[in-house]
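One letter stands for each residue in the lines below.
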Amino acid sequence: METKSENRCFGGVQGVYSHASEACGGEMTFGLFLPEMAKDMEVPVLWYLSGLTCTHENAMTKAGAQAWAAEAGVALVFPDTSPRGEGVADDEAYDLGKGAGFYVNATEDPWAPHFRMWDYVAEELPALIGQEFSLDMERQAITGHSMGGHGALTLAMSLPGRFRSVSAFAPIANPTQSDWGRKQLGAYLGADESKWAAHDSTLLMRETGFDGPVLIDQGGSDQFLHLLNPEALAEAMAAKRQAGSFRIQPGYDHSYFFVSSFMEEHIAFHAEALYA
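The name an unreviewed UniProt entry gives the protein chain is S-formylglutathione hydrolase, with Salipiger mangrovisoli as the organism. UniProt annotates the protein chain under Sequence similarities (unreviewed entry) with the comment "Belongs to the esterase D family." On record in UniProt, under Function (unreviewed entry), the comment for the protein chain is "Serine hydrolase involved in the detoxification of formaldehyde."

Written out as structure tokens, the structure is:
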């Protein structure tokens, strides 16, 4: 692992690190915020998964999360959204290829050799940070925005017992029924739609739900509502009687202005579960 940068931040340290990834077949970069109390004890972990076109850096610099994480005594992990570098397949469209890994393990060419973001986020990166930093990996929670909200919800429901809580900002809630989903899942996983279901949070909610509290915030003026399908996930949560909240925030769009407006509440929500 190589340290790219470390900056003092709200009493703690905001670092950026890179490492050779076996899962993704190349160098991967991630951000990690450690609150000051990590000097003296292992602290719980909140994962933040970013959306389309983002790197590890977007939420790290725009979400305003570190102040609230420092106060709550929670570490923040900001993984990248896809593999990168020479030899990694890409597409001219912004919503496929680099910056658009969709948190799945690709099985189709040309994506399969590098696009294994599920294994990276679920297995490889947790093992690395648990070994290298003062983190309590028995206490984890996860959140994300848009494509990252999709990733957070699907990981949380597919890995029972891993995460104590899950939240999402404007998640791609029903990708098997959306152009933000069908295109990517077809490209990465192939034409057999039965393989897509494991990566649709609405379908997972209907089938299994989540074994902890859920918090969803969706902007009422989101310019991508027709692609996100929030009503499908809300209906699935109600039908499953899922413990949690699905909130429509009037006037908010899809931007990081929306995310940063409710970040304090999301971190407090996760801190309550992590320190219960």
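Here the narrative resumes, following the displayed structure.
Colleague: Quick rundown of the packing of aromatic side chains? Include the residues and the values.
Modeller: Inspection of the entire model under this criterion finds eleven aromatic pairs. Pairing Y48 with F78 gives two aromatic rings, centres 6.1 Å apart and planes at 50°, and the pair type is tilted. Remark: F78 occurs in strand 5 (residues 75-79) and Y48 occurs in strand 4 (residues 43-49); sequence separation between them is 30 residues. A single burial state applies to Y48 and to F78, both of which are buried. Taking NZ or CZ as reference, R139 lies 4.9 Å from the ring centre of Y275, over its face.

Colleague: Explain helix 2 (residues 65-72) to me, and be specific about the residues and the numbers.
Modeller: Listing the buried residues of helix 2 in full gives A65, Q66 and A69. Here the buried residues of helix 2 occupy an arc of 90° about the axis, which is enough to place them on one side. Contacts from the buried residues of helix 2 go to strand 1 (2-9), strand 2 (12-21), strand 3 (26-34), helix 1 (57-62), strand 5 and helix 9 (256-274). The first or second residue beyond helix 2 is G73, which carries a positive phi of 75°.

Colleague: Break down unusual backbone geometry for me, with residues and values.
Modeller: Across the chain, the bulk of peptide bonds are trans and the bulk of non-glycine residues have phi less than zero. Here D109 and P110 are connected by a cis peptide whose omega angle stands at 0°. Here P110 shows up in the loop between strand 5 and helix 3 (117-132). The phi dihedral of R241 is positive, around 55°, even though this residue is not glycine. Turning to its location among the elements, R241 is positioned in the loop between helix 8 (230-240) and strand 9 (244-249). The class for R241 is exposed, based on a relative accessible area of 74%.

Colleague: Please provide a residue-by-residue account of the pattern of salt bridges, values included.
Modeller: Under the definition given, this model contains ten salt bridges. Close ionic contact of R84 with D80 constitutes a salt bridge, the shortest N to O distance being 2.7 Å. For R84, a relative accessible area of 29% corresponds to the partly exposed category. Linked by salt bridges that have partners in common, D217, R247 and E265 make up one network.

Rules used in this analysis
- Residues numbered from 1 in each chain as written.
- Predicted model: local features only at pLDDT ≥ 70, side-chain atom pairs only at ≥ 80, totals over all residues.
- Heavy atoms only, no water.
- UniProt positions renumbered as here; feature names shortened; annotations may be inferred.
- Phe/Tyr/Trp six-rings, centres within 6.5 Å; stacked < 30°, edge-to-face > 60°.
- Helix = DSSP H or I, 4+ residues; strand = E, 2+ residues; numbered from the N terminus.
- Buried < 20%, exposed > 50% of the residue type's maximum accessible area, 1.4 Å probe, protein only.
- Lys NZ or Arg CZ within 6 Å of the ring centre and 35° of its normal.
- Arc of directions from axis to C-beta.
- Contact = heavy atoms within 4.5 Å.
- Salt bridge = Lys/Arg side-chain N within 4 Å of Asp/Glu carboxyl O.

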